[in-house]
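Okay, here's what each chain looks like letter by letter:
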Amino acid sequence: MTAAHRSFPFGTMVQVKNLLTGCSATVRINDRGPYRKSRIIDVSEAAAQQLKMIQSGTAKVEFFVVK
């Protein structure tokens with residue numbers, strides 16, 4: 001699973017947790033973005049499914065670098 005972040009180096013592994021559902025996913029940074037200032041990270045569709053945020057499209061999350 002992959003994600004976009006403005007400043008993390010490509011290849012960085014990040015654990016993302018949906019604060020509403022408690023679901024989490026580990027993603028690899030492979031793109032730049034998001035370009036909306038109010039958003040911090042964009043996750044792939046597969047990661048969004050695992051995080052149970054497909055319906056809402058956005059979610060409050062916390063994340064930390066794994067590797």
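Structure's up top.
Cut-offs applied
- Residues numbered from 1 in each chain as written.
- Predicted model: local features only at pLDDT ≥ 70, side-chain atom pairs only at ≥ 80, totals over all residues.
- Heavy atoms only, no water.
- Phe/Tyr/Trp six-rings, centres within 6.5 Å; stacked < 30°, edge-to-face > 60°.
- Helix = DSSP H or I, 4+ residues; strand = E, 2+ residues; numbered from the N terminus.
- Core = buried A, V, L, I, M, F, W, Y, C linked by side-chain atoms within 4.5 Å.
- Buried < 20%, exposed > 50% of the residue type's maximum accessible area, 1.4 Å probe, protein only.
- Contact = heavy atoms within 4.5 Å.
- Pairing = 2+ DSSP bridges.

## What about the packing of aromatic side chains?
Consideration 1: Tallied over the entire structure, the rule returns one aromatic pair.
Consideration 2: Both rings, one in Phe-8 and one in Phe-63, keep their centres 6.1 Å apart while their planes meet at 85°; by these two values the pair is edge-to-face. Placement of Phe-8 in the loop between β1 (2-5) and β2 (13-18) and of Phe-63 in strand β5 (residues 61-65) is noted, with a sequence separation of 55 residues between them.

## Some remarks on the nonpolar core
Consideration 1: The biggest cluster of nonpolar side chains holds 11 residues, and these are Ala-3, Val-14, Val-16, Ala-25, Val-27, Ile-29, Ile-41, Ala-47, Ala-48, Leu-51 and Met-53.
Consideration 2: Residue assignment for this core shows that the elements contributing at least two residues are β2, β3 (24-31) and α1 (45-50).
Consideration 3: No other element matches β3, which puts three residues into this core.
Consideration 4: Setting aside residues no more than four positions away along its own chain, Val-14 makes contact with Phe-8, Ala-25, Thr-26, Val-27, Ile-29, Phe-63, Phe-64, Val-65 and Val-66.

## Observations concerning the environment of Val-43
Consideration 1: Along the chain, Val-43 turns up in strand β4 (residues 41-43).
Consideration 2: A relative accessible area of 23% means that Val-43 is categorised as partly exposed.
Consideration 3: Through-space distance from the C-alpha of Val-43 to that of Thr-2 is 6.1 Å; in sequence the pair is 41 residues apart.
Consideration 4: Setting aside anything within four residues of it in sequence, one finds Val-43 in contact with Thr-2, Ala-3, Ala-48, Leu-51 and Met-53.

## Considering the pairing of β2
Consideration 1: Of the strand pairs in this sheet, β2 and β3 are connected by five bridges, and their pairing is antiparallel. Residue pairing in the sheet places Val-14 in a bridge with Val-27 of β3.
Consideration 2: Hairpin connection of β2 to β3: five residues between the antiparallel strands, including Gly-22 at a positive phi of 80°.
Consideration 3: Bridge count for β2 against β5 is five bridges, and the pairing is antiparallel. Residue pairing for β5: Gln-15 is matched across the bridge by Phe-64.

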